Amino acid sequence: MTEPGLRPGMRVRVRERPVEGHVRTPFYIRGRLGRVERLHGRFPDPERRAYGGSGLPPVPLYLVRFRQADLWPDYAGGAADSLLIDLYEHWLEPLGDGHGA
Amino acid sequence: MAHDHDVHAHPPGRDHPVREWEAREAAIRGLLIEKGVLTADEIRRKIEEWEQKSPALGARIVARAWLDPAFEARLLADANAAAAELGIDASGVKVVALKNTPSLHHLVVCTLCSCYPRALLGLPPAWYKSKAYRSRAVRDPRGVLAEFGMALPPEVEVRVVDSTADCRYLVLPMRPAGTESWDEPRLAALVTRDAMIGVARVAAPARPA
Amino acid sequence: MRAMHDLGGLPAGPIEREGHDPSLAERRVDALMSLLMARGVFNVDEMRRTIEALPREIYERHDYYERWLHTIERLLVEKGVLTRAEIEARLAAGPAGA
């Protein structure tokens, strides 16, 4: 069973994987930089379960935080506004416990 | 063939003519029962089971959290276990509670489909499942809140949570002023579904006449 | 490339706040969905995969529970539980009572 590789506070970039078929990583978040907020646990991989597999071994699932100002070029809300989204580990590229926002 | 009919050819009505898709549902259901995959009784009981689920369940959890800080801490750590303490079965899927504060307001959406904490709130409202909400909640949450009559100052962090995986989110709204002496059932009656999704605050009680 | 169901961030108009409580037929579809998944006929990820692969005109024009019914039918046929011929024959035979 894979040990979770990411920790809260780590900076991550959402991978831009060329996939067809069922994925749970929305288009709007791909390629974006965020920070791991928490580990939810390990869950069966929906991308494999969608085609009849068991989705095992389970994959770590993280809640990841992004600044809205980083996601939308014309974002007109508050500077502190954020977006949190559940993402599976194989979609996240660790950038280390960086400095800065 | 039935499927060539325009689905809007028949006006909606209680009796005849039944809409094409409703006839299709009846045909599929009838075949499943005939083949022993399901029974009519199971289907009826499942409908009743979902009718028992309503926002009143989530409201009890919110009211208890307002009254009991230790319960609130347990709710934030493990919402499924906290719900079970109140006899509420949310065992099917992981629920996470999100606490609103004076400086933080949460709004929940499922952009990819319509994931919703059904075990605690019952069936989702049509607007939550709509393309407009799913498209705009992540990009323009303050605009969406404004449509629901909510405005927040820019210093308050609006935090959108997109439930894309196996977790469901329940917003723990702030307790309104003027309820200091209230007991749990009275508090629970104030808590709306919309406040637990994050498109509304829990309204302060009107002053007694 | 953005798939048809992947709506986050797309422009959209006002949110239609008025909606109806699900009708009995819609509650039946909901119950069928729950029961078929609980019975292990298909899982939630297969269900989502199937919705996401619906023809665009169905995804965009049909209501929520109609889309679910299309999805249930496709999965039942995919899994060999029912055949299209059986379903069409049953429909042609007409309503046999609720």
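Definitions and cut-offs
- Residues numbered from 1 in each chain as written.
- Chains lettered and ligands numbered in written order.
- Predicted model: local features only at pLDDT ≥ 70, side-chain atom pairs only at ≥ 80, totals over all residues.
- Helix = DSSP H or I, 4+ residues; strand = E, 2+ residues; numbered from the N terminus.
- Rg over C-alpha atoms; globule rule 2.2 N^0.38 Å.
- Buried ≥ 20, exposed ≤ 12 C-beta atoms within 10 Å, placed from the backbone.
- Contact = placed C-beta atoms within 7 Å.
- Nonpolar A, V, L, I, M, F, W, Y, C, P; charged D, E, K, R; others polar.
- Expected span 1.5 Å × (residues − 1).
- Axes fitted to C-alpha atoms, helices over the stretch in contact; angles between N-to-C directions.
- Parallel < 35°, antiparallel > 145°, perpendicular 65-115°, else oblique.
- Left-handed = near helix turned anticlockwise from the far one by under 90°.
- pLDDT = per-residue confidence, 0-100.

**Describing the overall build of chain A**
Of regular secondary structure, chain A possesses 2 helices and 5 strands. Going from N to C terminus, chain A has its helices and strands arranged as β-β-α-β-α-β-β. The C-alpha atoms of chain A give 14 Å as radius of gyration, which agrees with the globular expectation for 101 residues (13 Å, within 12%). Considered along the principal axes of its C-alpha atoms, chain A spans approximately 45 × 25 × 20 Å. Here chain A holds 101 residues, and 36% of them are scored as buried. Once local pairs closer than 6 in sequence are excluded, the contacts in chain A between residues at least 24 apart make up 61%.

**Some remarks on the overall build of chain C**
Helix and strand counts for chain C stand at 5 helices and 0 strands. Going residue by residue from the N terminus, the α and β elements of chain C occur as α-α-α-α-α. Overall size of chain C, expressed as C-alpha extent along the three principal axes, is 45 × 30 × 25 Å. With 98 residues in all, chain C has 35% of them scored as buried.

**Some points on the environment of C:H70**
Residues and elements named next belong to chain C. Mapped onto the secondary structure, H70 falls in helix α4 (residues 64-78). You can call H70 partly exposed: it has 19 C-beta atoms within 10 Å. Along the sequence, H70 and T50 sit 20 residues apart, while their C-alpha atoms lie 9.1 Å from each other. Dropping the residues within four chain positions of it, H70 is found in contact with L54 and I58.

**Observations concerning the interface of chain C and chain A**
Listed by partner, the interface residues are 10 residues for chain C and 9 residues for chain A. Broken down by class, the residue content of the side of chain C that touches chain A amounts to no nonpolar, 3 polar and 7 charged.

**Thoughts on unusual backbone geometry**
Note that the residue after A:L56, namely A:P57, is joined by a cis bond; omega there is 0°. Looking at the element boundaries, A:P57 is found in the loop between α1 (46-49) and β3 (59-67).

**Structural notes on helix α3 (residues 55-67) of chain B**
All names here are of chain B. The end-to-end C-alpha separation of α3 is 19 Å, in line with the 18 Å expected for 13 residues at 1.5 Å each. Here α3 lies mainly inside the structure; 11 of its 13 residues are buried. Every buried residue of α3 is listed here: P55, L57, G58, A59, R60, I61, V62, A63, R64, A65 and W66. Elements that come into contact with the buried residues of α3 comprise α4 (69-77), α5 (79-85), α6 (118-121), β4 (167-172), α9 (184-188) and α10 (193-197).

**Some points on the environment of A:L87**
Residues and elements named next belong to chain A. By secondary structure assignment, the location of L87 is in strand β4 (residues 82-88). Under the C-beta neighbour-count criterion, L87 is labelled buried, with 26 such atoms within 10 Å. Those residues in contact with L87 that sit more than four places away from it in its chain are V14, T25, Y62, V64 and L92.

**Considering the packing of helix α1 (residues 24-38) of chain C against α4(C)**
All names here are of chain C. In contact at an axis separation of 10 Å, α1 and α4 are set at 40° when each is read in the N-to-C sense. When the axes of α1 and α4 are compared, the pair comes out oblique. Seen from above, α1 lies across α4 with left-handed handedness. Side by side, α1 and α4 meet where E26, V29, L32, M33 and L36 of the first sit next to Y65, W68, L69 and I72 of the second. In the contact of α1 with α4, the residues fall into 8 nonpolar, no polar and 1 charged.

**Looking at the interface of chain B and chain C**
Tallying the contact residues gives 40 residues for chain B and 39 residues for chain C. Elements represented by at least two residues in the side of chain B that touches chain C include exactly α1 (20-34), α2 (40-52), α7 (131-139) and α8 (141-147) of chain B. In terms of residues, the side of chain B that touches chain C owes the most to one element, α1(B), which gives 11 residues. Across the side of chain B that touches chain C, the residue classes tally to 23 nonpolar, 4 polar and 13 charged.

**A few points about the environment of B:E48**
By secondary structure assignment, the location of B:E48 is in helix α2. For the pair B:E48 and B:P117, spaced 69 residues apart in sequence, the C-alpha separation works out to 18 Å.

**Topic: the confidence of the model for chain C**
Model confidence for chain C is summarised by a mean pLDDT of 93, while 96% of its residues fall at 70 or above. Quick note on the complex model: pTM equals 0.92, ipTM equals 0.94.

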